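Analysis of the macromolecular model
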Amino acid sequence: MNLLHVSFWLRKNKSTKDGLNPIYCRVTIEGQRKDFSTGFCVREEDWNINAHRVRGGSTINQGLLNIEAQLREAYINETREGENLTA
(Lines give C-alpha, C1' and ligand atoms only; values in the text may rest on other atoms or scores of the structure.)
Protein backbone atom coordinates (compact mmCIF):
# COMPACT_ATOMS: atom_id res chain seq x y z
CA MET A 1 0.00 0.00 0.00
CA ASN A 2 1.26 3.47 -0.88
CA LEU A 3 1.81 5.95 1.93
CA LEU A 4 0.66 9.54 1.44
CA HIS A 5 2.15 12.57 3.14
CA VAL A 6 0.91 16.13 2.54
CA SER A 7 2.73 19.21 3.82
CA PHE A 8 2.76 22.94 3.15
CA TRP A 9 5.74 25.26 2.99
CA LEU A 10 6.55 28.85 2.23
CA ARG A 11 8.54 29.50 -0.93
CA LYS A 12 10.67 32.44 0.20
CA ASN A 13 12.68 32.80 -3.03
CA LYS A 14 9.51 33.77 -4.95
CA SER A 15 8.40 36.73 -2.80
CA THR A 16 6.44 39.54 -4.44
CA LYS A 17 7.14 43.27 -4.28
CA ASP A 18 4.52 43.42 -1.51
CA GLY A 19 6.56 40.98 0.61
CA LEU A 20 4.18 38.07 0.10
CA ASN A 21 5.46 34.54 -0.34
CA PRO A 22 3.56 31.76 -2.13
CA ILE A 23 2.49 28.74 -0.11
CA TYR A 24 3.38 25.47 -1.81
CA CYS A 25 2.03 22.01 -1.18
CA ARG A 26 4.25 18.94 -1.22
CA VAL A 27 2.67 15.54 -1.84
CA THR A 28 4.87 12.53 -1.11
CA ILE A 29 3.92 8.97 -1.99
CA GLU A 30 6.47 6.27 -1.17
CA GLY A 31 9.40 8.69 -1.36
CA GLN A 32 8.32 10.33 -4.64
CA ARG A 33 7.30 13.94 -4.20
CA LYS A 34 5.54 16.61 -6.19
CA ASP A 35 5.35 20.30 -5.29
CA PHE A 36 2.71 22.72 -6.53
CA SER A 37 1.49 26.21 -5.70
CA THR A 38 -1.66 26.44 -3.61
CA GLY A 39 -2.49 29.87 -5.00
CA PHE A 40 -2.23 31.42 -1.53
CA CYS A 41 0.39 33.95 -0.42
CA VAL A 42 1.36 35.22 3.02
CA ARG A 43 4.02 37.37 4.67
CA GLU A 44 6.90 35.35 6.10
CA GLU A 45 6.31 36.70 9.62
CA ASP A 46 2.70 35.40 9.49
CA TRP A 47 3.79 31.82 8.64
CA ASN A 48 4.17 29.28 11.45
CA ILE A 49 7.01 27.08 10.23
CA ASN A 50 6.33 24.36 12.83
CA ALA A 51 2.58 24.08 12.19
CA HIS A 52 2.89 24.65 8.43
CA ARG A 53 -0.01 27.09 8.66
CA VAL A 54 -0.69 30.83 8.87
CA ARG A 55 -0.51 32.21 12.41
CA GLY A 56 -3.88 32.87 14.00
CA GLY A 57 -7.25 32.14 12.47
CA SER A 58 -7.12 32.54 8.74
CA THR A 59 -9.26 31.72 5.72
CA ILE A 60 -5.99 30.64 4.08
CA ASN A 61 -5.68 27.86 6.68
CA GLN A 62 -9.16 26.66 5.73
CA GLY A 63 -8.09 26.64 2.09
CA LEU A 64 -5.02 24.55 2.96
CA LEU A 65 -7.19 22.10 4.89
CA ASN A 66 -9.49 21.83 1.87
CA ILE A 67 -6.55 21.08 -0.43
CA GLU A 68 -5.29 18.40 1.95
CA ALA A 69 -8.77 16.85 2.26
CA GLN A 70 -9.17 16.71 -1.54
CA LEU A 71 -5.77 15.04 -1.94
CA ARG A 72 -6.53 12.48 0.76
CA GLU A 73 -9.95 11.74 -0.71
CA ALA A 74 -8.47 11.20 -4.17
CA TYR A 75 -5.77 9.00 -2.67
CA ILE A 76 -8.30 6.86 -0.80
CA ASN A 77 -10.54 6.52 -3.86
CA GLU A 78 -7.69 5.49 -6.14
CA THR A 79 -6.12 3.01 -3.73
CA ARG A 80 -9.55 1.51 -3.01
CA GLU A 81 -9.83 0.79 -6.73
CA GLY A 82 -6.45 -0.93 -6.68
CA GLU A 83 -4.58 1.83 -8.50
CA ASN A 84 -0.84 2.15 -7.89
CA LEU A 85 -0.38 5.86 -7.35
CA THR A 86 2.70 7.99 -7.68
CA ALA A 87 3.20 11.60 -6.69
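Residues numbered from 1 in each chain as written. Predicted model: local features only at pLDDT ≥ 70, side-chain atom pairs only at ≥ 80, totals over all residues. Heavy atoms only, no water.

1. A word on the pattern of salt bridges
If you walk through the whole model with that rule in mind, you get four salt bridges. A salt bridge links Arg 26 to Asp 35, with the shortest nitrogen-to-oxygen separation between them at 2.7 Å. Arg 26 sits in the partly exposed class, given a relative accessible area of 22%. The class of Asp 35 is partly exposed, set by a relative accessible area of 29%. With a closest N to O distance of 3.2 Å, Arg 53 and Glu 68 form a salt bridge. Taken together, the positions of Arg 53 in strand β5 (residues 53–54) and Glu 68 in helix α1 (residues 59–80) put the pair 15 residues apart, joining distant regions of the chain. We note that Arg 53, like Glu 68, is buried. Several salt bridges converge on common partners, so that one network encompasses Arg 53, Glu 68 and Arg 72. (Salt bridge = Lys/Arg side-chain N within 4 Å of Asp/Glu carboxyl O. Buried < 20%, exposed > 50% of the residue type's maximum accessible area, 1.4 Å probe, protein only. Helix = DSSP H or I, 4+ residues; strand = E, 2+ residues; numbered from the N terminus.)

2. What about the sheet that holds strand β3 (residues 32–43)?
Within the open sheet, the three strands sit side by side as β1-β2-β3. Their pairing is antiparallel. Strands with a single pairing partner mark the edges of an open sheet, and in this sheet they are β1 (4–10) and β3. Between one strand axis and the next, the sheet turns through 20 degrees on average, direction left out of account. Strand direction decides the pairing type here: strand β2 (residues 20–29) and β3, joined by nine bridges, are antiparallel. Residue pairing in the sheet places Asn 21 in a bridge with Val 42 of β3. (Pairing = 2+ DSSP bridges. Axes fitted to C-alpha atoms, helices over the stretch in contact; angles between N-to-C directions.)

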